[in-house]
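# Descriptive structure summary
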Amino acid sequence: MNAEVVVYGASGYTGKLIAWQLAERGIPFIAAGRNAGRLAAEMAKVPELDGARYECVAVDHDEAALTKLFTGRKAVCNVVGPFMQLGEPVVKACLAAGCHYLDTTGEQDWMLHLQRNYGEAFARKGLLLVPACSWMWLAGQLAAELALEHPGIDTLDIAYMADSNTSVASTMSFLRMLTREQYFLEHGALCTWPSATAYPISIPGVHRVLDSLPWGGGGEPVWYANDPRVASCSVLVAFRNQDMLRAIVALLVDFEQKHRHLPVAEQEQITNTLGNQLVSSEPGREVPARNRSIVSCHGRGDTGSVTVVLRGNAPYIQTGIFVAEAMRTILLGRQRGQGFTAPAAAFGAREMIAAAAAAGQLAWEATPV
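Residues numbered from 1 in each chain as written. Predicted model: local features only at pLDDT ≥ 70, side-chain atom pairs only at ≥ 80, totals over all residues. Heavy atoms only, no water.

## So, the state of the cysteines
- Throughout the structure, instances matching the rule amount to 0 disulfides.
- In this model Cys 77 remains outside any disulfide bridge; the closest cysteine sulfur is found in Cys 133, 7.0 Å from its own.
- Sulfur of Cys 233: no disulfide; nearest cysteine sulfur belongs to Cys 297 and is 7.3 Å away.
- Given a relative accessible area of 0%, Cys 233 falls into the buried group. (Disulfide = S-S within 2.5 Å. Buried < 20%, exposed > 50% of the residue type's maximum accessible area, 1.4 Å probe, protein only.)

If you want it as structure tokens, here you go:
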């Protein structure tokens, strides 16, 4: 089968959701990973793949093997994390093979690493390098882009609220990113959040004040750091399950006291171990009536302001939709830009909102104040 799209890490929780959404759009794909048996078994668990055009391909996790697999394809979505630990061979292989690169990372340091070390090389080849084409951190960017449609807005205060269980890979990724430097944008400069510190925030439509964390800092400050429209941008993330969030804060305080002095490689091993202790098996597929989400952006200018609220459900399923819609856009040749590019810039904010809304996953409103 001559598929032009590769989902690398397709057997994981998010990979299966991306496969489902590709099948919904009739897009043939390669489901790639290290274990052929596991790939076939996990794909068989997705009922929407019955009759879909895809092929399971086992490949070693090294640049040469991945380059061989990617050659002749148009785009790869990398779903193998933690990305700062495992992503480099995939990026190098995409560059060597001449493929557009997307991923579903939540790791801000990985995004900065891609921008600094690979952005120009991808741009020279006319290729997109698009990390975090996922609910975190694309949903916040969608809200921000709606806010920026209002003249004079230059400050973006973004908040997420989720009510879903995290996958195994996501848990390892968020624990490592919560122990790295976490940046927000303040008057054009990237500034660092204090470690192991929770912030009370109010979420539209929720009466309770919820504790939140920077959750690694978010992708939005990275994307807007060089955007002339934006001076300041910050991101905080709350969960309806406040007991879980408080437990994570306690874990982070303990990490600062016991492990901060260790070499980074040892710290990464510790966060991986802690992640596997917290979540050792994949959750079930999200249910819209249970797993609801809110993303809000307060946009401010000198005198004007606007509040944008995205009310949605099933953030992991939204991630599948965003990636599949991005792949459809690439296959149609309608992508925008080259090199390191934010997903809303590459594939269109309004287009991404429309795709999630058409699936019943998202509604939004913008209220000037």
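Next comes the rest of the description.
## Examining unusual backbone geometry
- Residue Pro 82 is reached from Gly 81 by a cis peptide bond, and omega for that bond is 5°.
- You can see Pro 82 is positioned in the loop between strand E4 (75–78) and helix H4 (83–86).
- For the peptide bond that leads from Met 136 to Trp 137, omega is 25°, which places it in the cis range.
- Assignment of secondary structure puts Trp 137 in helix H7 (residues 135–148).
- With a phi angle near 50°, Ala 314 is a residue other than glycine that sits in the positive phi range.
- Topologically, Ala 314 is positioned in the loop between strand E14 (305–313) and helix H12 (315–331). (Helix = DSSP H or I, 4+ residues; strand = E, 2+ residues; numbered from the N terminus.)

## Here's the deal with empty space enclosed by the protein
- Taken as a whole, this structure holds 1 cavity of 30 Å³ or more when the rule is applied.
- Lining the largest cavity are Leu 178, Gln 182, Pro 194, Ala 196, Thr 197, Leu 213, Pro 214 and Leu 252. (1 Å grid on protein atoms, 1.4 Å probe; cavity = no way out; pocket = protein on both sides within 12 Å on 5 of 7 lines; lining within 4 Å. Points joined across faces, edges and corners; volume = space filled by probe spheres on them.)

## Some words on the nonpolar core
- Ranked by internal contacts, the top residues of the largest apolar core, which has 118 residues, are Phe 70, Tyr 101, Trp 137, Leu 156, Tyr 160, Trp 215 and Phe 347.
- Per-element tally for this core: the top contributor is H7, with 11 residues.
- If near-sequence neighbours (up to four positions away) are discounted, Phe 70 is found in contact with Val 6, Val 76, Val 90, Ala 93, Cys 94, Ala 97 and Cys 99.
- Listed in part, the 12 residues of the second largest apolar core include Ala 159, Trp 193, Ile 201 and Leu 210. (Core = buried A, V, L, I, M, F, W, Y, C linked by side-chain atoms within 4.5 Å. Contact = heavy atoms within 4.5 Å.)

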